[in-house]
Amino acid sequence: MLTEIGREFVGLEDGASSLRTWGSNAVPGLLQTDAYCAEMTRLTRAVEIVPPGKVERRTRTRQRRLFADPPLAYSAVIDEAVLRRRFGAADEGLMREQLRHLLKLGDRPNITIHVLLLEQSHPINFWHFVLLGFPSMPVLGPVSGDIVYSEDYPMAEVVEDEERVYRYSVIFDLLKEAALDEEASRDCIASLAGL
């Protein structure tokens, strides 16, 4: 079951025109395969009981935004450790499938994926967060300023304060600048996938 803040985030995500996310501990939700998502959900069952079918429907509904017209502009920086980490009973096959899925998504013009290598000096120590940007309306201008969703289970928060959101934006830019470019990131993911 989604928390109130989780439901708020999903609603905001649905109205966003762009997302920028830092994946420090797991593959970001919109980039997860069904099997990876199911494994992540299985691991949280001890604290949050959600039927598998509901998780799958929720995930697929959210992921449709990546293929909508116009598609969501999506940029992710993912820590290399995330691409190497196995959760619970996750085996090599599950992770290989997840890595190949990332390669396919990275081929889409609206999705960019950057890998921050373990050997690379990390510019900042920060947990997972998502920056949401919103479209402008003719005459009215922007629907909303940027918003940040951050989580460190069991805590999550939606940040609208302009100064705090700006700080997250600067942090994302630092992480992206330290990460590999798209082509080198693709090569890294392909290598980890055994391709």
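Residues numbered from 1 in each chain as written. Predicted model: local features only at pLDDT ≥ 70, side-chain atom pairs only at ≥ 80, totals over all residues. Heavy atoms only, no water.

**Overview of the overall build of the chain**
Here is the rule we go by: Here a helix means four or more residues in a row that DSSP labels H or I, a strand means two or more in a row labelled E, and each is numbered from the N terminus. The classification of residues rests on relative accessible area computed with a 1.4 Å probe and restricted to protein chains. Under 20% of the type maximum is buried, over 50% is exposed, and intermediate values are partly exposed. Any two residues whose heavy atoms approach within 4.5 Å are treated as being in contact. Computed with a 1.4 Å probe, the accessible areas rest on the Shrake-Rupley method; for each residue, only the protein chains presented here act as cover.
Along the backbone of the chain there are 7 helices and 8 strands. Here the chain holds 195 residues, and 43% of them are scored as buried. For the chain, the share of sequence-separated contacts (at least 6 apart) that also reach a separation of at least 24 residues comes to 76%. Accessible surface, the chain: about 10700 Å² in total, of which carbon and sulfur atoms supply 53%.

**So, the pairing of strand S7 (residues 147–152)**
Note the threshold: Between any two strands, pairing holds if DSSP finds at least two bridges.
Of the strand pairs in this sheet, strand S4 (residues 129–133) and S7 are connected by 4 bridges, and their pairing is antiparallel. Of the residues in S7, the one forming a bridge with Phe 129 is Ser 150. Pairing between S7 and strand S8 (residues 155–159): 5 bridges, direction antiparallel. Within S8, the residue paired with Asp 152 across the bridge is Met 155.

**Describing the nonpolar core**
Let me state the cut-off plainly: Here, nonpolar core means buried Ala, Val, Leu, Ile, Met, Phe, Trp, Tyr and Cys residues that are tied together by side-chain atoms lying within 4.5 Å of each other.
Counting residues in each nonpolar core, the largest one holds 37 residues, and the members touching the most others are Leu 31, Tyr 74, Leu 102 and Leu 132. Looking at this core, the element that brings in the most residues is helix H5 (residues 92–106), giving 6 residues. The residues contacting Tyr 74, other than those within four sequence positions of it, are Leu 19, Thr 21, Pro 28, Leu 30, Leu 31, Leu 66, Asn 110, Ile 111 and Thr 112. Core analysis: the next-biggest nonpolar cluster, separate from the first, contains 14 residues, Trp 22, Leu 131, Leu 175 and Ala 179 among them.

**So, the packing of aromatic side chains**
The description of an aromatic ring pair uses the distance of the two centres, along with the angle that the planes make with each other. Defined as follows: Each aromatic pair joins two rings of Phe, Tyr and Trp (for Trp, the six-membered one) with centres within 6.5 Å, and gets the label stacked for planes under 30 degrees apart, edge-to-face for over 60, and tilted for any other angle.
Enumeration according to the criterion identifies 1 aromatic pair in this entry. Considering the side-chain rings of Phe 129 and Tyr 168, the 5.1 Å spacing of their centres and the 65° angle between planes classify their relative orientation as edge-to-face. Of the two residues, Phe 129 sits in strand S4 while Tyr 168 sits in helix H6 (residues 162–178), which places them 39 residues apart along the sequence. The exposure classification of Phe 129 matches that of Tyr 168, with both residues buried.

**Quick look at the confidence of the model for the chain**
To keep it simple, the criterion reads: The predictor attaches a confidence to each residue, and that confidence, scored 0 to 100, is pLDDT.
Residues with a pLDDT of 70 or more make up 80% of the chain, whose mean pLDDT is 83. Across the chain, element-level confidence peaks in strand S3 (residues 111–116) with a mean pLDDT of 97 and bottoms out in strand S6 (residues 141–142) with 55.

**Section: the side chain of Thr 33**
Structurally, the position occupied by Thr 33 is in the loop between strand S1 (18–23) and helix H2 (34–44). For Thr 33, a relative accessible area of 5% translates into the label buried. Once you skip the residues sitting within four places of it in the chain, Thr 33 turns out to touch Glu 97, Gln 98 and His 101.

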